[in-house]
Amino acid sequence: MIRRSILLGTGSALPVRTVSNAELAETVDTSDEWIVERTGIRNRHIAGDGETTASLAADAAAKAIDAAGITAQDIDLIILATATPDQTFPAAATKVQAALGINDCVAFDVAAVCSGFLYAVTVADSMIRSGAATRALVIGSETFSRILDWEDRTTCVLFGDGAGAVVLGAEESADADPKTARGILSAKLHADGRHNQLLYVDGGPSTTQTVGKLRMKGQEVFRHAVVNLASVLKEAMELAGLTPDDIDWLVPHQANARILDATARKLKLSPDRVVVTVDRHANTSAASVPLALDYAVRDGRIKAGDLIVLEAMGGGFTWGACVLRV
């Protein structure tokens, strides 16, 4: 028998306030046409008073738990991927734990920026496979609006706030055939710290004692993203014993429509098999993959038995992919 992590439920949450490109252009030197042409983004959600990374995460988590058909007390592991926690410490995951009324479970944060959800899923999968956890709540949640330089039109138009969550559960199965087996079949992660200055925040407790603002060299990031995402997807598929032709749905990090298009072309995947939500909520960093996954599950595109691939790349650089049959 093989112990695998099975997807039990998904959920997402967005701040109440929606900001369109036209509204943003009232205060930033930009236009709807400029943003759409270069990124595909039309709207983003901005956290208001009382909305935080942890509160959005708790809302998404509650929906995922409900979709899974379990109670919060069934959760024994919470991993929250974020680059924008409520506090330097304690972990935002513990605030989610308290909000859900869970008295005791393992709870911690993972910091891998846009790849954070992939890192968190992989850690949760390892703990489930080892027997250290049975029901895992994995969340990506961000309030990137709090670290944006609103005078830098090249970056502030790209990002938004939001949260997405999944519940993973342990299942014993004798099915070893990757063509039919359910659950997480493979995952592959990478990091290369030599590229720190291409995408980073210029502050931190140990350096400037400030939160800092996001800085990015967009063209260089774009070039690395297309190459790295296509490469890691192939690696993950090979680990699972499958090929890109087996993919029903690609659920990528929602950073830029051009990156999504270029990655699909590089893999010779039909655009119809790529879940795209960047137009609705912009780049929500660690939240973007679970947000897109939840959209596609709830609108009926992703169905039981489908093979999906999750992938992302973010600051660090970090990148990764996960192959999952629902």
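Everything in this summary refers to the structure shown in the same document. (Residues numbered from 1 in each chain as written. Predicted model: local features only at pLDDT ≥ 70, side-chain atom pairs only at ≥ 80, totals over all residues. Heavy atoms only, no water.)

Here the focus is the sheet that holds strand β8 (residues 183-191). Across the sheet, four strands lie side by side as β8-β13-β12-β11; this open sheet has mixed pairing. Both outer strands of the open sheet, β8 and β11 (249-252), are each paired with one neighbouring strand and no more. Each strand axis lies, on average, 15° off the axis of its neighbour in the sheet, ignoring direction. The pairing of β11 with strand β12 (residues 307-314) spans four bridges and is classified as parallel. Bridging across to β12, Pro252 finds its partner in Glu311. (Pairing = 2+ DSSP bridges. Helix = DSSP H or I, 4+ residues; strand = E, 2+ residues; numbered from the N terminus. Axes fitted to C-alpha atoms, helices over the stretch in contact; angles between N-to-C directions.)

For the rest of this paragraph, the subject is the environment of Asp59. Here Asp59 shows up in helix α3 (residues 53-68). On the accessibility criterion, Asp59 (43% relative accessible area) is partly exposed. Expressed as a C-alpha distance, the spacing of Asp59 and Ala99, which sit 40 residues apart in the sequence, is 9.2 Å. (Buried < 20%, exposed > 50% of the residue type's maximum accessible area, 1.4 Å probe, protein only.)

Where α3 meets helix α4 (residues 92-99), the closest approach of the two axes is 9 Å, and the angle between their N-to-C directions is 50°. As summarised for this structure, α3 and α4 are arranged oblique, according to the angle between their axes. Of the two elements, α3 crosses α4, and the hand of that crossing is right-handed. For the pair formed by α3 and α4, the contact residues are Ala54, Ala57, Ala58 and Ala61 on the first element and Ala92, Lys95, Val96 and Ala99 on the second. (Parallel < 35°, antiparallel > 145°, perpendicular 65-115°, else oblique. Left-handed = near helix turned anticlockwise from the far one by under 90°. Contact = heavy atoms within 4.5 Å.)

So, on to the side chain of Thr277. Inspection of the secondary structure puts Thr277 in the loop between α8 (257-267) and α9 (278-281). On the basis of relative accessible area, Thr277 is assigned to the buried category, the value being 0%. Apart from residues no more than four positions distant in its own chain, Thr277 is found in contact with Gln254, Ala292 and Tyr295.

This next bit is on empty space enclosed by the protein. What the rule picks out here adds up to one cavity of 30 Å³ or more. Roughly 50 Å³ of internal volume is contained in the largest cavity. Every residue lining the largest cavity is listed: Leu7, Phe117, Val121, Val166, Leu168, Ile184, Leu293, Leu310, Cys322 and Leu324. When contributions to the lining of the largest cavity are tallied by element, the ones reaching two or more residues are α5 (116-130), β7 (161-173) and β13 (318-325). Looking at the lining of the largest cavity, its residues break down into ten nonpolar, no polar and no charged. (1 Å grid on protein atoms, 1.4 Å probe; cavity = no way out; pocket = protein on both sides within 12 Å on 5 of 7 lines; lining within 4 Å. Points joined across faces, edges and corners; volume = space filled by probe spheres on them. Nonpolar A, V, L, I, M, F, W, Y, C, P; charged D, E, K, R; others polar.)

If you trace the backbone, Ala57 turns up in helix α3. For the pair Ala57 and Ile2, spaced 55 residues apart in sequence, the C-alpha to C-alpha distance is 31 Å. Those residues in contact with Ala57 that lie beyond four places of it in its chain are Leu80, Val96, Ile139, Ser141 and Ala163.

Turning next to the pairing of β7. Counting buried positions over the 13 residues of β7 gives ten, a clear majority of the element. With eleven bridges connecting them, strand β1 (residues 2-13) and β7 associate as antiparallel partners. Bridge assignment links Ala13 to a residue of β7, and that residue is Ala163.

This part is about α5. Between its first and last C-alpha, α5 extends 21 Å over 15 residues, near the 21 Å set by a 1.5 Å rise per residue. With eleven of its 15 residues buried, α5 lies for the most part within the structure. Of the positions making up α5, those classed as buried are Gly116, Phe117, Leu118, Tyr119, Ala120, Val121, Thr122, Ala124, Asp125, Met127 and Ile128. (Expected span 1.5 Å × (residues − 1).)

Before going further, it helps to spend a moment on the packing of aromatic side chains. Each aromatic ring pair is specified by the distance between its two centres and by the angle formed by the two planes. Going through the model one piece at a time under the given rule, you end up with one aromatic pair. Above the face of the Trp34 ring, Arg153 is positioned so that its terminal group lies 4.8 Å from the ring centre. Between the NZ or CZ atom of Arg280 and the centre of the ring of Tyr295, over which it lies, the distance is 4.7 Å. (Phe/Tyr/Trp six-rings, centres within 6.5 Å; stacked < 30°, edge-to-face > 60°. Lys NZ or Arg CZ within 6 Å of the ring centre and 35° of its normal.)

As a further point, take the nonpolar core. Core analysis: the largest hydrophobic core is formed by 46 residues, its most contacted members being Met237, Val309 and Val323. Contributing elements (two or more residues each) for this core: α7 (218-240), α8, β12 and β13. The dominant element in this core, judged by the number of residues it contributes, is α7, at nine residues. Residues contacting Val309, with those up to four places away along its chain left out, are Leu233, Met237, Ile247, Trp249, Leu250, Val251, Ala321, Cys322 and Val323. (Core = buried A, V, L, I, M, F, W, Y, C linked by side-chain atoms within 4.5 Å.)

Residue placement: Asp175 occurs in the loop between β7 and β8. Taking relative accessible area as the criterion, Asp175 reaches 26% and is therefore assigned partly exposed. Residues Asp175 and Met1, 174 residues apart in the sequence, show an inter-C-alpha distance of 7.8 Å. When residues no more than four places from it in sequence are discounted, the contact partners of Asp175 are Ile2, Arg4, Thr180 and Ala181. Polar side-chain contacts of Asp175 include one of 3.0 Å to the backbone nitrogen of Asp177. (Polar contact = N/O pair within 3.5 Å; in protein donor to acceptor, adjacent residues only side chain to side chain.)

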